Amino acid sequence: MSGTFVGMPVFPPPTHPAFPKAAHEAVGNPVLRGNLRHATHTIRAKRANAVAEVSDWAELREAGKRIKDHTLRHLDRYLVQLEEAVTAAGGTVHWAVDADEANRIVTELVKETGESEVVKVKSMATQEIGLNEALEAAGIRAYETDLAELIVQLGHDRPSHILVPAIHRNRGEIRDIFRTRMGEWGRPAPEGLTDTPAELAEAARLHLREKFLRAKVGVSGANFMVAETGTLVVVESEGNGRMCLTLPETLISVVGIEKIVPTWRDLEVFLQTLPRSSTAERMNPYTSTWTGTTDGDGPRTFHLVLLDNGRSDTLADEVGRQALRCIRCSACLNVCPVYERAGGHAYGSVYPGPIGAILSPQLRGTQSEIDASLPYASSLCGACYEVCPVAIDIPEVLVHLRERVVQGGEAVRDGNKVVLKPAKGHAAERAAMRAARWAFSHPAALRTGQRLASRSRRLHPRTLPGPGRAWSGTRDLPAVPAEPFRDWWQRTGGGKGGAK
Amino acid sequence: MSSRERILGRVRRALAGVRDEDAPVERAYLREHGQRSTAQTVDLLAENLADYRAVVHRCTAGELAAVIGRLVAGHGSTSVVVPAGLDQGWLAALDAEQVADRAESTPHELDGVGSVVTGCAVAIAETGTIVLDGGPDQGRRRITLVPDHHICVVRVPEQVVSSVPQALERLDATRPLTWISGPSATSDIELDRVEGVHGPRTLEVVLVSGDRPGVQDGAGER
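Cut-off values and rules
Residues numbered from 1 in each chain as written. Chains lettered and ligands numbered in written order. Predicted model: local features only at pLDDT ≥ 70, side-chain atom pairs only at ≥ 80, totals over all residues. Pairing = 2+ DSSP bridges. Helix = DSSP H or I, 4+ residues; strand = E, 2+ residues; numbered from the N terminus. Axes fitted to C-alpha atoms, helices over the stretch in contact; angles between N-to-C directions. Contact = placed C-beta atoms within 7 Å. Nonpolar A, V, L, I, M, F, W, Y, C, P; charged D, E, K, R; others polar. Parallel < 35°, antiparallel > 145°, perpendicular 65-115°, else oblique. Left-handed = near helix turned anticlockwise from the far one by under 90°. Buried ≥ 20, exposed ≤ 12 C-beta atoms within 10 Å, placed from the backbone. pLDDT = per-residue confidence, 0-100. Core = buried A, V, L, I, M, F, W, Y, C linked by C-beta atoms within 7 Å. Domains from an automatic or database assignment.

## Notes on the sheet that holds strand E9 (residues 286-291) of chain A
Sheet strands line up and pair through hydrogen bonds in the backbone, either parallel or antiparallel.
For step 1, the next point in the chain: Read from one edge to the other, the open sheet built from eight strands follows the order E8(A)-E5(A)-E6(A)-E9(A)-E9(B)-E6(B)-E5(B)-E8(B), with strand pairing classed as mixed. Bordering the open sheet on either side are strand E8 (260-261) of chain A together with strand E8 (160-161) of chain B, each of which pairs with just one other strand.
For step 2, the next point in the chain: Relative to strand E6 (residues 231-236) of chain A, strand E5 (residues 224-226) of chain A is paired through three bridges, and the arrangement is antiparallel. By the bridge assignment, phenylalanine 224 of chain A is partnered in E6 of chain A with valine 233 of chain A.

## Describing the sheet that holds strand E3 (residues 97-100) of chain B
All names here are of chain B.
For step 1, the next point in the chain: Spatially, six strands are ordered E1-E12-E7-E4-E2-E3 in an open sheet, and the strand pairing comes out parallel. Both outer strands of the open sheet, strand E1 (55-60) and E3, are each paired with one neighbouring strand and no more. Neighbour to neighbour, the strand axes of the sheet diverge by 25 degrees on average, direction disregarded.
For step 2, the next point in the chain: When strand E7 (residues 149-155) meets strand E12 (residues 202-209), the two strands line up parallel, connected through seven bridges. Paired with arginine 155 across the bridge in E12 is valine 208.
For step 3, the next point in the chain: In the packing of helix H3 (residues 64-75) onto the sheet, the strands contacted are E1, strand E2 (79-82), strand E4 (115-118), E7 and E12, and the crossing angle to E12 comes to about 170 degrees.

## Focus on the interface of chain B and chain A
For step 1, the next point in the chain: Opposite the 60 residues of chain B that make contact, chain A presents 76 residues.
For step 2, the next point in the chain: Those elements that place two or more of their residues in the side of chain B that touches chain A are helix H1 (3-15), helix H4 (107-111), helix H5 (164-170), strand E9 (177-180), strand E10 (185-189) and strand E11 (192-195) of chain B.
For step 3, the next point in the chain: Here the side of chain B that touches chain A gets ten residues from one element, more than from any other, and that element is H1 of chain B.
For step 4, the next point in the chain: When grouped by side-chain class, the residues that make up the side of chain B that touches chain A number 26 nonpolar, 18 polar and 16 charged.
For step 5, the next point in the chain: Strand direction decides the pairing type here: E9 of chain A and E9 of chain B, joined by four bridges, are antiparallel. Considered in E9 of chain B, the bridge of tyrosine 286 of chain A is made with isoleucine 180 of chain B.

## Topic: the packing of helix H3 (residues 57-73) of chain A against helix H12 (residues 267-278) of chain A
All names here are of chain A.
For step 1, the next point in the chain: As a packed pair, H3 and H12 sit with axes 9 Å apart at the nearest point and diverge in direction by 120 degrees. Compared by their axis directions, H3 and H12 come out oblique. Taken as a pair, H3 and H12 cross one another with a handedness that is left-handed. Facing Leu60, Arg61, Ala63, Gly64 and Ile67 of H3, the residues of H12 in contact are Val269, Phe270, Gln272 and Thr273.
For step 2, the next point in the chain: Its residues placed into classes, the contact of H3 with H12 shows five nonpolar, three polar and one charged.

## A look at the environment of histidine 168 of chain A
Residues and elements named next belong to chain A.
For step 1, the next point in the chain: With respect to the helices, strands and loops of the structure, histidine 168 is situated in the loop between helix H8 (147-154) and helix H9 (171-185).
For step 2, the next point in the chain: You can call histidine 168 buried: it has 25 C-beta atoms within 10 Å.
For step 3, the next point in the chain: When the C-alpha atoms of histidine 168 and alanine 39 are compared, they prove to be 8.7 Å apart, with 129 residues separating the residues in sequence.
For step 4, the next point in the chain: When residues no more than four places from it in sequence are discounted, the contact partners of histidine 168 are Leu32, Asn35, Leu36, Ser160, Gly343 and Gly344.

## Considerations on the confidence of the model for chain A
For step 1, the next point in the chain: Of all residues in chain A, 95% attain a pLDDT of 70 or more, and the chain-wide mean is 91.
For step 2, the next point in the chain: Throughout residues 1-12 of chain A the model reports pLDDT below 50, and contacts reaching past four residues in sequence, or to other chains, amount to 24 contacts.

## Observations concerning the nonpolar core
Note on soluble globular proteins: their nonpolar side chains tend to be buried together.
For step 1, the next point in the chain: The biggest cluster of nonpolar side chains holds 196 residues, and the ones touching the most others in it are Leu307 and Cys332 of chain A together with Val154 of chain B.
For step 2, the next point in the chain: Apart from residues no more than four positions distant in its own chain, valine 154 of chain B is found in contact with Cys120, Ala123, Ile130, Gln159, Val160, Val205 and Leu207 of chain B.

## Description of the domain arrangement of chain A
For step 1, the next point in the chain: What the domain assignment lists for chain A is domain 1 (1-424) and domain 2 (438-498).
For step 2, the next point in the chain: Summarising the inter-unit geometry, the C-alpha centres of domain 1 of chain A and domain 2 of chain A are found 49 Å apart.

## Here's the deal with unusual backbone geometry
For step 1, the next point in the chain: In this structure, the amide linkage connecting valine 156 of chain B to the following residue, proline 157 of chain B, adopts the cis form with an omega of 0 degrees.
For step 2, the next point in the chain: Looking at the element boundaries, proline 157 of chain B is found in the loop between E7 and E8.
For step 3, the next point in the chain: The phi dihedral of arginine 328 of chain A falls on the positive side, at around 60 degrees, and the residue is not glycine.
For step 4, the next point in the chain: Relative to the helices and strands, arginine 328 of chain A is located in the loop between helix H13 (311-315) and helix H14 (331-335).
For step 5, the next point in the chain: Residue leucine 380 of chain A is not a glycine yet carries a positive backbone phi of 60 degrees.
For step 6, the next point in the chain: One can find leucine 380 of chain A in the loop between helix H17 (369-373) and helix H18 (383-387).

## Looking at the environment of proline 375 of chain A
All names here are of chain A.
For step 1, the next point in the chain: With respect to the secondary-structure elements, proline 375 resides in the loop between H17 and H18.
For step 2, the next point in the chain: Proline 375 gets classed as buried once you count the C-beta atoms within 10 Å, which come to 24.
For step 3, the next point in the chain: A C-alpha to C-alpha distance of 15 Å links proline 375 and arginine 321, two positions 54 residues apart in sequence.
For step 4, the next point in the chain: Ignoring anything within four residues of it in the chain, the contact list for proline 375 reads Ala357, Pro361, Leu398, Leu401, Arg402 and Val405.

So this is what it looks like as structure tokens:
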């Protein structure tokens with residue numbers, strides 16, 4: 001087998017360009033825009049129908065929000081309860097402060113089995129920590145088994161959507177990737193493969209089956225963990241999840257600490273809202289739940305790696321912590337006008353779209369160029385909040401994070417309180433705001449300035465010079481009226497008597 | 001300090017001072033959607049199973065063995081995996097080799113088997129879902145995964161509930177559960193749904209009712 005796996009950029013990406021630059025390139029690609037438009041519009045309409053089928057959607061949404069908020073407020077207690085329950089059921093629990101520690105733990109666990117390959121169920125957490133790359137460096141090959149992840153892995157590409165990582169590829173591109181690359185990783189694509197989705201899915205079935213049948217180690221994430229019972233839940237469609245969760249002898253699950261729900265009963269909310277909100281189905285084809293290990297059925301060894309990696313820092317932020325309610329349905333991506341045009345890669349993170357714009361800068365901090373720009377990757381239209389099944393007020397968090405980027409201030413990083421400096425690149429904006437504050441608190445100066453502006457209006461440039469150029473590059477400068485409002489008010493007595 | 005203590009410490013510091021805002025979780029949502037008679041609930045199950053491309057059959061207990069025999073033959077299977085606790089009477093008309101669900105059999109061996117016949121733990125009408133809990137008539141999780149053809153018998157109406165909340169009440173969290181809604185599918189290519197990826201590509205659900213003539217097809221109790 002040849003071919004170097006390029007995969008995901010290491011988290012965080014120190015050199016990823018800021019969102020506007022990355023998006024600019026994506027917007028200029030007509031094939032990408034066509035693919036994105038087709039896919040997001042298809043799912044939008046279907047989702048609306050699936051949600052309209054249940055008359056109590058608003059109540060389910062509110063309950064989901066409250067369950068998650070309650071869990072987060074008592075997260076320490078529920079983490080300990082979960083640990084006890086998983087251990088009692090025959091599992092082993094590990095704790096990972098950051099990506100490096102999680103990768104070290106998983107790599108060691110795989111090495112202990114003596115195996116050099118693992119099969120993986122699609123998992124955002126393992127993408128976030130760059131697990132595949134860490135395993136590769138240790139001589140362990142990780143096979144992605146979700147169809148879209150397979151397309152991404154074979155294409156030496158990056159995922160661009162939480163649910164449908166290959167959403168940026170159309171069927172013709174997928175056929176070409178299968179034809180040219182499948183042979184390098186195992187069973188080649190069938191002769192004469194066409195671009196019909198059914199044939200492409202069949203090619204993936206044949207290619208992956210030999211890997212499933214011989215796999216000794218499976219790696220997964222989880223959609224939910226139930227504290228009272230120690231049960232993990234994986235929601236999926238293709239059956240690759242079931243293969244990875246039941247055929248191997250060893251199962252390793254890497255799960256963010258915020259994925260807990262307190263009780264078995266709480267699943268009744270999320271097992272209704274997640275499928276309808278993500279794939280627009282009444283129920284997804286397969287849901288697997290397991291509690292530790294079961295004698296004679298499935299893996300004999302089960303490890304759970306609880307991942308922090310910035311989540312406890314996010315929890316410390318009063319406004320921002322609501323992002324931890326996210327159940328990764330990706331409905332916010334599908335309705336976002338910015339995502340639809342820019343695509344997922346521009347967000348420079350495994351979490352793209354509106355949720356990524358508030359999650360990545362909190363998990364990673366706002367210090368890098370990309371993370372400082374993500375809170376601006378939105379028109380604040382609010383469609384993301386409308387569709388969110390756990391009612392995350394994404395616009396509110398975006399505005400909060402913009403404030404942090406521009407003004408700096410207190411935050412928690414790696415468990416420590418820090419005072420952030422204002423990000424570079426916002427000096428002109430801050431200077432303008434300071435000048436405005438001075439002018440508005442000095443009425444005489446404001447009056448003189450406004451009159452001067454009105455009289456010189458024919459001389460005004462259409463774009464700003466110097467540091468203001470970037471601002472006016474995407475906007476029209478507002479026209480200055482011939483007469484300042486306050487002069488008009490004084491002259492006409494507030495418009496009385498119809499005076500103009 | 002261990003990583004466990006470090007994470008729990010960070011979480012506790014992050015939460016300092018917010019606990020008293022906690023409100024109890026209100027559950028204003030419905031226990032089930034709409035009002036249906038028992039027969040109508042079974043009809044809805046059949047309808048939603050079929051909507052996600054499961055093939056639905058209805059028969060009486062007396063007809064079950066013949067139906068199973070016909071479905072296995074119709075699929076062209078020469079071998080069938082059988083869970084240890086399956087009612088042997090269901091297999092009376094089977095013209096295929098029976099393969100026991102054994103701990104020692106490998107996934108490769110299962111891959112050579114044509115069909116699998118199981119019961120189920122519960123079925124959910126609103127979502128068209130059958131749930132397996134590894135009971136004696138259902139066997140290990142892998143036997144309903146590797147073979148390409150799954151025949152699942154649901155005893156109606158006693159195994160049928162209307163909704164997801166009602167199903168969770170009936171299920172035991174400590175057992176490994178598999179919730180199945182139609183054959184495996186993917187929406188990964190242009191968000192178009194395609195049926196049949198890694199799990200069984202054909203799912204046949206047999207709704208079997210008691211031997212009282214006239215009510216078995218859900219037509220009698222409206």
